[in-house]
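# Architecture at a glance
If you want the building blocks of each chain, they are given just below.
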Amino acid sequence: MPDELSIKITREKDGSAPSLTNMSLDAAQSVKVFIESFTEYARAHSEDSHIKILDTGNAIDNILTLPEADNSASDEILDVVNSESESDNLVKVFNLIRKRISENGLSYEVNLKHQDEIVNLTEKFKSKRFITKQQADPPLQEEVVFVRGMIYESGGMNVTNIHIKPKKGKPLGISCSQAEARKFSKLLYSTVFVSAVRQWKKPKDVTMRLLDVYKDEEQFERFQALYHEYTDSESSERFNKLREDLISTLTKFGAASPRISRIMRLYNHALSDRGIIRTILFILKPLRHEKAIASLYDDLATVLKNGNTQHSY
Amino acid sequence: MKVEESYIIKNLKRFNDESLPNSFVALAAKVNELKQFGHAAILIRLKGRNFLYHYPSFTLPVVEDDFDEHGWYFYKIFSQIRVDDVNEVEGFLDLCRWICGKSNIMYAFFADKSNYNSKGEYISKNGLPELGTCVSFCVNTLSGFMPEVDSYLELDDWNSSSLGNMASYDLLLQEYARGKDIDMNIYNAFKKRVTPLEYVTSAFLEEYPIKREWISEIAPIVQGAV
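Note on numbering: residues in each chain are counted from 1, in written sequence order. The order in which chains are written sets their letters, starting at A; the order in which ligands are written sets their numbers, starting at 1. Selection of residues for local features in this predicted model requires a pLDDT of at least 70, selection of side-chain atom pairs for listing and counting requires 80 or more, and totals for whole chains, interfaces and linings are taken over all residues. Only heavy atoms go into the side-chain values, all of them from the structure, while hydrogens and water stay out.

## Some remarks on unusual backbone geometry
All names here are of chain B. Each neighbour pair has its own omega, and for Tyr208 with Pro209 the value is -10 degrees, a cis peptide bond. Numbering of helices and strands starts at the N terminus; helices are DSSP runs of H or I of at least 4 residues and strands are runs of E of at least 2. Position of Pro209 relative to the elements: it lies in the loop between helix H6 (196-202) and helix H7 (212-224). Backbone geometry places Ser57, a non-glycine residue, at a positive phi of 90 degrees. The phi torsion at Asp84 lies on the positive side, around 65 degrees, for a residue other than glycine. Examined against the element boundaries, Asp84 turns out to sit in the loop between strand S6 (73-77) and helix H2 (86-102).

## What about the nonpolar core?
The set of buried Ala, Val, Leu, Ile, Met, Phe, Trp, Tyr and Cys residues whose side-chain atoms join them within 4.5 Å is what this entry labels a nonpolar core. Buried, partly exposed and exposed residues are distinguished by accessible area as a fraction of the type maximum, computed with a 1.4 Å probe on protein chains only: under 20%, between the cut-offs, and over 50%, respectively. A:Ile280, B:Ile44, B:Tyr152 and B:Tyr199 are the most contacted members of the largest nonpolar core, which totals 105 residues. Residue ranges for the domains originate in an automatic or database domain assignment. Looking at this core, you find at least three residues from each of domain 2 (138-214) and domain 3 (223-313) of chain A. Pairs of residues are marked as contacts when any of their non-hydrogen atoms sit within 4.5 Å. Here B:Tyr152 is in contact with B:Leu27, B:Phe78, B:Val139, B:Leu142, B:Ser143, B:Met146, B:Ser202, B:Ala203, B:Tyr208, B:Pro209 and B:Ile210, once residues within four sequence places are set aside. Listed in part, the 31 residues of the second largest apolar core include A:Val33, A:Tyr108, A:Val110 and A:Leu121.

## So, the domain arrangement of chain A
Residues and elements named next belong to chain A. Structurally, chain A comprises domain 1 (4-136), domain 2 (138-214) and domain 3 (223-313). Here the C-alpha centroids of domain 2 and domain 3 sit 22 Å apart. Contact with domain 2, which involves 13 residues of that partner, is made by twelve residues of domain 3. Buried area is a sum: the accessible area each of two parts loses on coming together, probed at 1.4 Å, counted once for each and added. Of the roughly 1,000 Å² buried between domain 2 and domain 3, counting both surfaces, carbon and sulfur atoms make up 60%. Ranking the residues of domain 2 by area buried against domain 3 places Glu142, Phe146 and Leu211 at the top, with a combined share of 45%. Any carboxyl oxygen of Asp or Glu that lies within 4 Å of a side-chain nitrogen of Lys or Arg is treated as forming a salt bridge with it. Between the two partners, domain 2 and domain 3, sit two salt bridges. Identification of polar contacts relies on pairs of N or O atoms within 3.5 Å, with a donor-acceptor requirement for protein atoms, meaning one able to donate a hydrogen and the other able to accept it, and with residues adjacent in sequence counted only if both atoms are side-chain atoms. If you look at where domain 2 meets domain 3, you find seven residue pairs in polar contact (both at pLDDT 80 or more). Within the residue set of the side of domain 2 that touches domain 3, elements represented by two or more residues are strand S6 (141-155), strand S9 (191-200) and strand S10 (207-214).

## Description of the side chain of A:His269
Relative to the elements of secondary structure, A:His269 occurs in the loop between helix H9 (258-266) and helix H10 (274-284). Those residues in contact with A:His269, other than ones at most four positions away along the chain, are A:Glu142, A:Val144, A:Val197, A:Arg209, A:Leu211, A:Tyr227 and A:Val303.

## Focus: the layout of surface pockets
Residue and element names in this part refer to chain B. In this analysis the probe radius is 1.4 Å and the grid spacing 1 Å, with only protein atoms considered; a cavity is a set of points the probe fits into but cannot get out of, a pocket is an open set with protein on both sides within 12 Å along at least five of seven lines, and lining residues have an atom within 4 Å of a point. Grid points are joined across faces, edges and corners, and a volume is the space filled by probe spheres set on the points. A volume near 710 Å³ is recorded for the largest pocket. Lining the largest pocket are 39 residues, with Lys113, Ser114, Asn115, Tyr116 and Asn140 sitting closest to its centre. With seven residues, the single largest contributor to the lining of the largest pocket is helix H3 (residues 134-144).

## Looking at the packing of aromatic side chains
To pair, rings of Phe, Tyr and Trp, with the six-membered ring standing in for Trp, must have centres within 6.5 Å; the planes then decide the type, stacked if under 30 degrees apart, edge-to-face if over 60, and tilted in the middle. Within this structure, the stated rule accounts for 26 aromatic pairs over all chains. Here the aromatic rings of A:Phe282 and B:Phe145 are separated by 4.7 Å at their centres, their planes lie at 50 degrees, and the arrangement is tilted. Residue A:Phe282 is located in helix H10, and its partner B:Phe145 is located in the loop between H3 and helix H4 (169-179); the two belong to separate chains. Both rings, one in B:Phe15 and one in B:Phe67, keep their centres 5.2 Å apart while their planes meet at 50 degrees; by these two values the pair is tilted. Taken together, the residues span a long stretch of sequence, with B:Phe15 in the loop between strand S1 (13-14) and strand S2 (24-31) and B:Phe67 in the loop between strand S5 (62-65) and S6 at a distance of 52 residues.

## Some words on the sheet that holds S5(B)
Residue and element names in this part refer to chain B. Here six strands make up an open sheet; going across it, the order is S1-S6-S2-S3-S4-S5 and the pairing antiparallel. Across the chains shown, the open sheet's two edge strands, defined by having one partner strand only, are S1 and S5. Note on pairing: DSSP must find at least two bridges between two strands before they are called paired. With five bridges joining them, S2 and S6 adopt antiparallel strand pairing. When the sheet's bridge partners are listed, Ala26 is paired in S6 with Ile77. The axes are straight lines fitted to the C-alpha atoms, using for helices just the contacting stretch, and the angles between their N-to-C directions are given from 0 to 180°. Each of S2, strand S3 (37-46) and strand S4 (49-54) touches H3; the most contacted strand, S3, lies at about 35 degrees to it.

Put into C-alpha cells, the structure is as follows:
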C-alpha cells in the first residue's frame, strides 16, 4: 500500500458531525484549501512522481496518495512538520493547511500512513507554524564593530557587561571579563573607545563581546582603518601587508609590542578571516610561548580548530 | 590510528580526474609508470586555479602558477586547511610564495628540526646550512601551518634506512661540503629520508606529530590505490 496523508474533518464548529449534504461554508472553505495545497504539493514534484489526490467520494476526507516506490515523500512531510525541511516551498504549502486547521474552529484529524504505520499528526498541525531547518537553526552571523560612547555601567553578577551609550543610536551591552569590567568601572561616565564582535543567529538574539579597548580616539581610528584595510579587501595583497606589518613590528619592538596583541584581538572571533589568522599564527609560531602573546595565540588557534569541521575529504 | 581502506581509496585522487572542490590544499606526489612515488609537492587549488608549491631539487623552491599535467600526480587533501575557504587557501598560498622567496635550501637527506624564525630566516640548530629534500621541504612548510605542535611529522622516528639507491645523491653534498664549512659528522647524525609515499600517506592521518609507525600501517593501502 502506498503511503498517504489524510485530513479528515471530524466536527463542525457547532459540534455536529460534518456531512456532505449539509456542509458549512467554513468546512467547504477548508476542503478548498486542502485540495489546493495538495495540488501545489504534487506540482512541486515531477510529473511521474505518482503523487495523487485521492477522490474518496467524500469531501470531508481529503487524501494525498504518495508514491509507492519509496518513503521519501512521507519522510519529506515528516521533515516539514518537525521543522527539519530545507524546502521553503514545501514549508509554505503545509503552513497553509496548518493555518486552516489551527485557526478556524472546526475539528480535524490528520494522519500520515508511513511504511504501513499510521502517524497521527493532528497536534502538529494545530500547533506552531512550521519553519525550515534554516529558520529553526540559522547559521551564526557576525560583524566587528567599533564603538565610541559614554560608558554608564560596568559589572554584573553572573554575566559581566559594560554598557555604552554611543553618540547616535541605542545603548549597547557588551560582555567582557571581570578584569576588564574592573578597569572600566574607573572610567564611568567618560567617553570610551572599543571594538567588539556582534554575533547572532536570529536578529533578535544579538550578543556583543568586547574585543579591544583603545586609549584614545586616534588609536581607535587607526585600528579601525587597519581592520577594514585587511578585512574588506579581497586581494591577497592584504596578507602581504599584514605580514610586513607584523614582521616590522616584531623587528622593532618584539612580541610584547601592544600592536601585535591589538591585531590579534581583532581577529579573535568565530567567523574571522581564516587567511588572516593563518598569516598571524604562521609568523608568530616561533614566538608562541612568549608571555605577551601566548594566550591570544592559543585563542586564535582555537578559532581555527573550531571552524574546521570537515571530514568528508 | 585507524584509517579505513575504503576511505583511503575514495580520497586518494589523481590529478585531474574528478571534479573536486574549488579551493583546497593537498599533499601530492608524482607517480611513475612502475607506480613508484617520486617527486613530492603541495598542490593548492584556489577558485579553480591550480598551483604547485615544491622544491624541484636542482633549483630553489617555487610556486608554479596554473599548474597542469596529465595524470601523474596523486594527492590527498590536507585536513587542516578548510576546503573551499577561499581566504584560508589564499592565505596559505601567499605564505608559500613568501617562503619561496626566503629559502636557500640545498638538496640533502637531512632534517634536524631546524626551522625558520618570524622573519622567515632559516635558523640552524646545528650550524649547517638549510638542507633538505622535496619531501622534507614540504614537511617543514606544513609544520609551520600546525599552530599547536612543533612539527607535522615526528622526525625522530625516521633515519637513513630508506635512502636505498638515493644514497648517490649524497655524494653531491659531500663534494660540496669539501669546499664549504659543512661538518659531515653532524650531517650524518641527522641524515634521514622521508619517502614521497610516506609523505602522501601522512595526509590520511590527523593526529600530530604523525608517527612513522602510523604511516607504515596504511602506506601499503595508499601504494595499492594508485
